[in-house]
Amino acid sequence: MALRREPHVLVVGGSDSSGGAGIARDIETISSIGVRTCLAVTALTVQTHDAVLEILHSPPSLVADQMRAALQANEVAAVKIGMLGTAETIAAVAAVLRENRQVPAVLDPVLASTSGRALLEAAAIAVMKRDLMPLCRLVTPNLPELAHLIGSELAVDEVGALQQGQQLLAAGVQALLIKGGHASGPRSTDVLVCPNQEPVRLDDRRLARTMRGTGCALASAIAAYLAIGGSIEKAVRQAKLLVFEKIWKHPI
């Protein structure tokens, strides 16, 4: 079947009944680039655009089985990982990635919803850092997520954010895209940080207000561009252009 041979992004994450974030946003973004998706659903959530009302986590073995089935059925050229929820699910996802090291993975380390509800158990952060992050080609934390991942206060400037990022690189992370959307000022600067390379700064106008799904969309777009070829830096630049235009024109 021709479908089997087309590049796919395997999306691993939670549902969002409002459609503003999660796998709904992932599929929408990846499809806009012309790449197909397949799925492993980690959680079902009841959400509006203002709050997460209920979460039902998928059994970790079911998440792993979904991933393996998707990888068997399709030509998976990249993996995008979002909400995981529990340490057990993180371990299950990491096990499948270890079996498929040739497939680049992009991890958006979802720790909380825009409304503030925790989406990852506090005890699972250490497991994510130890078992999952080193297997991912790129990790895309915003500033609050970066601070939580290293157990520190929120960075007050780019120098502080880079210092925090270097701690994750020292722990085995392959590359980081530190997102500057939570900083202040008229410009929003994301910084791509890789071992033994100078940081790459990507600067844009700051969006006028908080918008849901931007992190999901950016990580998904990066994964889609990786699936069709190119370097991490090229994929990040292409993804930022696409997502900025998309979110600016169609905010949620």
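Structural notes, computed from the coordinates.

Cut-offs applied
Residues numbered from 1 in each chain as written. Predicted model: local features only at pLDDT ≥ 70, side-chain atom pairs only at ≥ 80, totals over all residues. Heavy atoms only, no water. Helix = DSSP H or I, 4+ residues; strand = E, 2+ residues; numbered from the N terminus. Buried < 20%, exposed > 50% of the residue type's maximum accessible area, 1.4 Å probe, protein only. Contact = heavy atoms within 4.5 Å. Areas by Shrake-Rupley, 256 points an atom, 1.4 Å probe, with all protein chains shown as cover. Expected span 1.5 Å × (residues − 1). Arc of directions from axis to C-beta. Salt bridge = Lys/Arg side-chain N within 4 Å of Asp/Glu carboxyl O.

Observations regarding the overall build of the protein
Alright, step 1. Secondary structure summary: the protein contains nine helices and nine strands in total.
Alright, step 2. Counting across all 252 residues of the protein, residues that qualify as buried make up 54%.
Alright, step 3. Long-range contacts, defined as pairs at least 24 residues apart, comprise 70% of the intrachain contacts of the protein with a sequence gap of at least 6.
Alright, step 4. Summing over all exposed atoms, the protein offers an accessible surface of approximately 11,300 Å²; the carbon and sulfur share of this is 53%.

Here's the deal with helix α3 (residues 60-73)
Alright, step 1. Between the first and last C-alpha of α3 there are 20 Å, a value that for 14 residues agrees with the 20 Å anticipated at 1.5 Å per step.
Alright, step 2. Residues Val63, Ala64, Gln66, Met67, Ala70 and Leu71 constitute the buried set of α3. One side of α3 carries all its buried residues, which in axial view fall inside an arc of 155 degrees. For α3, the exposed residues set more than 90 degrees away from the buried face come down to Ser61 and Gln72.
Alright, step 3. Residues of α3 that are buried make contact with β1 (7-14), β2 (36-47), β4 (75-81) and α4 (87-99).

Comments concerning the pattern of salt bridges
Alright, step 1. Taken as a whole and judged by the stated rule, the model has ten salt bridges.
Alright, step 2. The partner of arginine 130 in a salt bridge is aspartate 131, and the shortest N-O contact between them spans 2.9 Å.
Alright, step 3. A relative accessible area of 56% places arginine 130 in the exposed class.
Alright, step 4. Between arginine 201 and glutamate 158 there is a salt bridge; the shortest N-O distance is 2.3 Å. Highlighted residues: arginine 201 in strand β9 (residues 200-205) and glutamate 158 in helix α7 (residues 158-170), separated in sequence by 43 residues.

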